[in-house]
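# Structural overview
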2 protein chains.
Amino acid sequence: MQSSDIKVQLIEESKISQVDFNNLPFGSVFSDHMLECDYKDGKWQTPVIKPYSPITLDPSAKIFHYGQSIFEGMKAYKDAEGSTLLFRPLENCKRLNKSAERMVIPQIPEDIFMTGLKKLLEIDNNWIPTKEGSSLYIRPFMFASGNGFHASPANAFKLLICTAPSGAYFAGKVKVLIEEKYARAANGGVGFAKAGGNYAAQFYPTQLAIEKGYNQVIWTDDNTHEYIEEAGAMNIFIRINDTLITSPTSDRILDGITRKSIIQIAKDSGIDVEVRKITVSEVIAAAQSGSLKEMFGAGTAAVISPIAGFGYQEKDYDLPELENPLALQLKKQITDIQTNKAEDPYGWRVKL
Amino acid sequence: MQSSDIKVQLIEESKISQVDFNNLPFGSVFSDHMLECDYKDGKWQTPVIKPYSPITLDPSAKIFHYGQSIFEGMKAYKDAEGSTLLFRPLENCKRLNKSAERMVIPQIPEDIFMTGLKKLLEIDNNWIPTKEGSSLYIRPFMFASGNGFHASPANAFKLLICTAPSGAYFAGKVKVLIEEKYARAANGGVGFAKAGGNYAAQFYPTQLAIEKGYNQVIWTDDNTHEYIEEAGAMNIFIRINDTLITSPTSDRILDGITRKSIIQIAKDSGIDVEVRKITVSEVIAAAQSGSLKEMFGAGTAAVISPIAGFGYQEKDYDLPELENPLALQLKKQITDIQTNKAEDPYGWRVKL
Ligand SMILES: Cc1ncc(COP(=O)(O)O)c(C=O)c1O
Ligand SMILES: Cc1ncc(COP(=O)(O)O)c(C=O)c1O
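Everything in this summary refers to the structure shown in the same document.

Cut-offs and rules
Residues numbered from 1 in each chain as written. Chains lettered and ligands numbered in written order. Predicted model: local features only at pLDDT ≥ 70, side-chain atom pairs only at ≥ 80, totals over all residues. Heavy atoms only, no water. Salt bridge = Lys/Arg side-chain N within 4 Å of Asp/Glu carboxyl O. Helix = DSSP H or I, 4+ residues; strand = E, 2+ residues; numbered from the N terminus. Buried < 20%, exposed > 50% of the residue type's maximum accessible area, 1.4 Å probe, protein only. Core = buried A, V, L, I, M, F, W, Y, C linked by side-chain atoms within 4.5 Å. Contact = heavy atoms within 4.5 Å. Buried area = accessible area lost by both parts, 1.4 Å probe. Polar contact = N/O pair within 3.5 Å; in protein donor to acceptor, adjacent residues only side chain to side chain. Pairing = 2+ DSSP bridges. 1 Å grid on protein atoms, 1.4 Å probe; cavity = no way out; pocket = protein on both sides within 12 Å on 5 of 7 lines; lining within 4 Å. Points joined across faces, edges and corners; volume = space filled by probe spheres on them. Nonpolar A, V, L, I, M, F, W, Y, C, P; charged D, E, K, R; others polar.

### Quick notes on the pattern of salt bridges
Summed over the entire model, instances satisfying the criterion amount to 32 salt bridges over all chains. Of the charged contacts in the structure, one is a salt bridge between R276 of chain A and E282 of chain A, with a shortest N-O distance of 2.8 Å. Among the salt bridges present, the one from R252 of chain B reaches E229 of chain B, with a minimum N-O distance of 2.4 Å. Here E229 of chain B lies in strand β13 (residues 228-231) and R252 of chain B lies in the loop between β15 (243-246) and α5 (257-268), a separation of 23 residues in the sequence. The class of E229 of chain B is buried, set by a relative accessible area of 8%.

Dropping the structure here:
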């Protein structure tokens, strides 16, 4: 597919002058345009770029009934020369298709996804914030638009890509609660997919944690609640002495792009990284002996979100205040690569 | 709330003459009207009954991203005198609210639900099929209509009730596959809720089973795959000799209204009913010894769906062809109560 194949319908009057780029929220101000692509008659049709505008669906559209939906989250940055930068975008496309397969949504050809995304970012180029810490949050999502109350896969789908100039996701350090009752994913379930329903399922336990004074839940396995798996909608890293530990991915854990980038950068910086199962008891013991140095979440939205302390079995544990934590070192290394302030030996940065 | 509080906007020209009531599909022909109720500013607003028509939402509406949605399934029947009958409708309302709580969707007052539903059925009364086996399938559903890419509960929701005159759900006996790899629910998850995402998560394993020549999956627990939990989107009953066994409900299993009605009717008919965990090994052993007499699914759509045989570990097991199976006896007893062909000692039938 050629960029020129994409139909473009430009907005009559840009909304950009109404936006205060110095005070951006996260993901609630939307750019002028969006990309829309329909799957019907057994294939993905030519995408259209058009003004950001409402979607109209039949009440029986399967998205409303059976949660047949998946999404991705990515960011675009501007470097000092004004070039538009993406970070490992093909990884998001591949993961979208992995999620699609599990949710019986037709896979989107990489070509359509990448060509469409690039063209959308060209058209809304001046929506990409330049302020430090800000970025253009990109939300590709696919859902069942086909109709009928029969609980079976739809025969029509939509892919949309919307963008939102956004400020930082989390402000400050978070306090987390290690989950002992609820779970986000089953063995043989859809936890590894960015399936919509996984996220709504997290709201209630997260709300209970918030009521107890925490910001987020640390997910543990649903069977024993003994293995630490994820931190809210982020992957988790735990530093014991000078070793950085993160759970291996599985069918319950999302294979995060930030996670795997951090593993690589940390290893190449000479940090001892272990990808292995880690138990709650090990973390508690490390907290008690003083060898637990850091915990942080990793994901596109917040990049790295340092954890200040955690609760477990009605007890609170504080993490030490370090001079130069790995969380911040690694966050700087990865964001410097993302924003073209440092060399990119990995070829992760994509300049449009 | 009074029935007269509900705003009504009637269709200009009914579509009913286009419908062949002798050849109804399941859930894909829709009645003239639907009920719509909005939750905003912290409360459910007055419902509106209006022509069945498309829903328009912002692309950032949380239903598209986070699967914050739940639904119910119920049926309306006409008896010989032309009265409209519902079956335990308050149970559906209560379960909708149980699902709502788990998915952080505001609960709907029973009063709004029941008054709205009754008025909708009055208005579309001539859409209720009278043919044996047919019924008006009723689909109440609630979803997050509030906007924003932040993975947190929405602040605006919609309840809709749509109806579809429908024929029988399954034709004939089904062959099922006992699942050894995939799972529909986690401990501490949302399997007990009618949350949209639970259903899309079943599509892929079901599709694999269909490719192997089966119609449905028998769900087992996600940890050992040794306990039998549900049959597709139905509860499961297993008859060994003259005992009818069904799994106890849990946070992984939906508390089906058909299931609990069958338990009651069977007990009152002098059948030995055991509500207890049942293992795959027990079922295989019973199949081998000849004591396995029947298996069937139970749910609103199909009422009772007899199972002809099952696959497990690459082996197929057939169930015997019985003269007068419990599945059919119980199906007749329950549908006779539903359609006012028999006494209803339980007070389950609601005449409008
Ligand atoms: C459940 C979950 N874990 C981890 C992540 C982190 O993945 P990524 O680094 O690719 O954004 C995400 C997405 O942001 C997620 O939804
Ligand atoms: C997962 C699941 N199990 C069982 C049932 C049966 O419940 P009911 O008898 O209330 O329809 C349903 C709904 O139909 C269901 O979705």
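Picking up after the structure, the text goes on.
### What to know about the nonpolar core
Formed by 136 residues in total, the largest nonpolar core has its most connected members in F64 of chain A together with F64 of chain B. Excluding its chain neighbours within four sequence positions, the residues that come into contact with F64 of chain B are I55, L57, I63, S69, F141 and F143 of chain A together with L57, D58 and P59 of chain B.

### Some thoughts on the interface of chain A and chain B
The interface of chain A with chain B comprises 58 residues on the first partner and 58 residues on the second. In total, about 5100 Å² of surface goes out of reach between chain A and chain B, with carbon and sulfur atoms giving 64% of it. On the chain A side of the interface with chain B, the three residues burying the most area are F64, F149 and F203 of chain A, jointly 16% of the side's total. For the pair chain A and chain B, the number of links is zero salt bridges. Linking chain A to chain B there are 22 residue pairs in polar contact (both at pLDDT 80 or more). Broken down by element, the residue count for the side of chain A that touches chain B peaks at nine residues, all from helix α4 (residues 196-211) of chain A. Pairing between strand β5 (residues 55-57) of chain A and strand β5 (residues 55-57) of chain B: three bridges, direction antiparallel. By the bridge assignment for β5 of chain B, I55 of chain A is matched with L57 of chain B.

### Thoughts on unusual backbone geometry
All names here are of chain A. For D41, which is not glycine, the phi dihedral falls at a positive 50 degrees. Residue placement: D41 occurs in the loop between β2 (33-40) and β3 (43-44). Unlike most non-glycine residues, N241 shows phi in positive territory, near 50 degrees. Among the structural elements, N241 can be located in the loop between β14 (234-240) and β15 (243-246). What makes N241 partly exposed here is its relative accessible area of 41%.

### Re empty space enclosed by the protein
If a probe the size of a water molecule is rolled over the atoms, the empty space left behind becomes visible. Within the structure shown, the criterion is met by four cavities of 30 Å³ or more. Of the voids in this model, the largest cavity is the one considered here, and its volume is about 280 Å³. Surrounding the largest cavity, 25 residues form its lining, V190 and N198 of chain A together with R184, V190 and N198 of chain B being those nearest its centre. For the lining of the largest cavity, the secondary structure elements donating two or more residues are α4 of chain A together with α4 (196-211) of chain B. Grouping the constituent residues of the lining of the largest cavity by class yields 14 nonpolar, nine polar and two charged.

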